[in-house]
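Each chain is listed here by its residues.
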Amino acid sequence: MEVKIGVSESARELVVNSAQSPDEVEKLVAQAMSGKDGVLALVDEKGRKYLVQAAKVAYVEIGPADPRKVGFAT
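Cut-offs and rules
Residues numbered from 1 in each chain as written. Predicted model: local features only at pLDDT ≥ 70, side-chain atom pairs only at ≥ 80, totals over all residues. Heavy atoms only, no water. Core = buried A, V, L, I, M, F, W, Y, C linked by side-chain atoms within 4.5 Å. Buried < 20%, exposed > 50% of the residue type's maximum accessible area, 1.4 Å probe, protein only. Helix = DSSP H or I, 4+ residues; strand = E, 2+ residues; numbered from the N terminus. Contact = heavy atoms within 4.5 Å. Expected span 1.5 Å × (residues − 1). Arc of directions from axis to C-beta.

Participant: Before we move on, could you go through the nonpolar core and cite the residues and values that matter?
Facilitator: Grouped together as the largest cluster of nonpolar side chains are 11 residues: Met 1, Val 3, Ile 5, Val 25, Val 29, Ala 32, Leu 40, Leu 42, Val 52, Ala 54 and Val 57. If you list the elements that add at least two residues to this core, you get β1 (2-7), α1 (22-33) and β3 (39-43). Per element, the largest residue contribution to this core is three residues, and it comes from α1. Those residues in contact with Ala 32 that sit more than four places away from it in its chain are Gly 38, Val 39, Leu 40 and Ala 54.

Participant: Run through α1, naming residues and quoting values.
Facilitator: End to end, α1 covers 16 Å across 12 residues, agreeing with the expected 16 Å (1.5 Å per residue, within 8%). Within α1, the full set of buried residues consists of Val 25, Val 29 and Ala 32. Projected down its long axis, α1 carries its buried residues within an arc of 65°, all on one side. Of the exposed residues in α1, the ones pointing more than 90 degrees away from its buried face are Asp 23, Glu 26 and Lys 27. Check the buried side of α1 and you find it contacts β1, β3 and β5 (57-63). Gly 35 lies just past α1 and shows a positive phi near 95°.

This is the structure in structure tokens:
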């Protein structure tokens, strides 16, 4: 699954390919935004951990990962 996080005062978004379910990611985002933790923590498919200050999160988009296309087929 692909998670896109928009960060305030940044022109680029953070893209994390996570093995977590959409419900798990949504729960983590809700906990971070409610002020309990103050930090949004996500783990990607390779085990890397991403930490984003909850106050800087502008938006979170949760969706299926786009399959990588190889070659020049249309």
